[in-house]
Amino acid sequence: MDAIELLESQHREVEALFRKCEKANGEAKRQLFEKIADALAVHAAIEEKHFYPATRGARSEDLLQEAVEDHLAMKRIIADLLEMDPAEAQFDAKIKMLQDLVERHVQEEEGSLFGRARRLLSEDELFDLSVVMEDLAAELKAGGSPRDSVPGETGEAAPLQ
Ligand SMILES: [Fe+2]
């Protein structure tokens, strides 16, 4: 799997979790949300630390800045949701906001960034990038709950390296 295929597979995974979460209730809903939060925490980290810096030439600074601002917005909603009970009235509304943000993120990346990144980087570069991205993902997942780092990342957008 190359770097873009890896990110696309993570997008599909999160979309599927959102669909399941919509139909769940109580403890099952909480567990599905936690899986979404873990998946998005890992996804945001590998994009910010590896994919965005490597594909910097594929888009303008403005678009890159928008991407990390989108991640920040997602992290803030995730941090709110982590403190809520799924039975609370606002829980579903916040999940929906998160889902909308993720949808927008996916459309922007798959609609334009990934195509440009594929033209910018060679197959070998995309493969090497996937290796470092998978390493970081494994490292974050080894801790058990990658979502735990999200509340500490809600102050400002991740720096552009
Ligand atoms: Fe993404």
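Everything below is about the structure shown above.
Before going into details, it helps to say that this report is about the structure given with it. (Residues numbered from 1 in each chain as written. Predicted model: local features only at pLDDT ≥ 70, side-chain atom pairs only at ≥ 80, totals over all residues. Heavy atoms only, no water.)

**What to know about the pattern of salt bridges**
Rule in force here: By convention in these notes, a salt bridge is any Lys or Arg side-chain nitrogen within 4 Å of a carboxyl oxygen on Asp or Glu. Each helix is a run of H or I in the DSSP string that is no shorter than four residues. Each strand is a run of E no shorter than two, and both are numbered from the N terminus. Buried means the residue's accessible area, taken with a 1.4 Å probe over protein chains only, is under 20% of the maximum for its type, while exposed means over 50%, and partly exposed covers the values in between.
Overall, the coordinates contain 14 salt bridges when judged by the stated rule. The residue Asp-2 makes a salt bridge to Arg-118 at a minimum N-O spacing of 2.9 Å. With Asp-2 in the segment before helix H1 (3–23) and Arg-118 in helix H4 (residues 89–120), the pair connects residues that are 116 residues apart, well separated along the chain. Taking relative accessible area as the criterion, Asp-2 reaches 10% and is therefore assigned buried. Of the charged contacts, one joins Glu-110 and Arg-12 as a salt bridge, the two residues approaching to 3.1 Å between their closest N and O atoms. With Glu-110 in helix H4 and Arg-12 in helix H1, this residue pair connects regions lying 98 residues apart in the sequence. The class for Arg-12 is partly exposed, based on a relative accessible area of 36%. Each member of the salt-bridge network shares a partner with another, and the members are Arg-12, Glu-15 and Glu-110.

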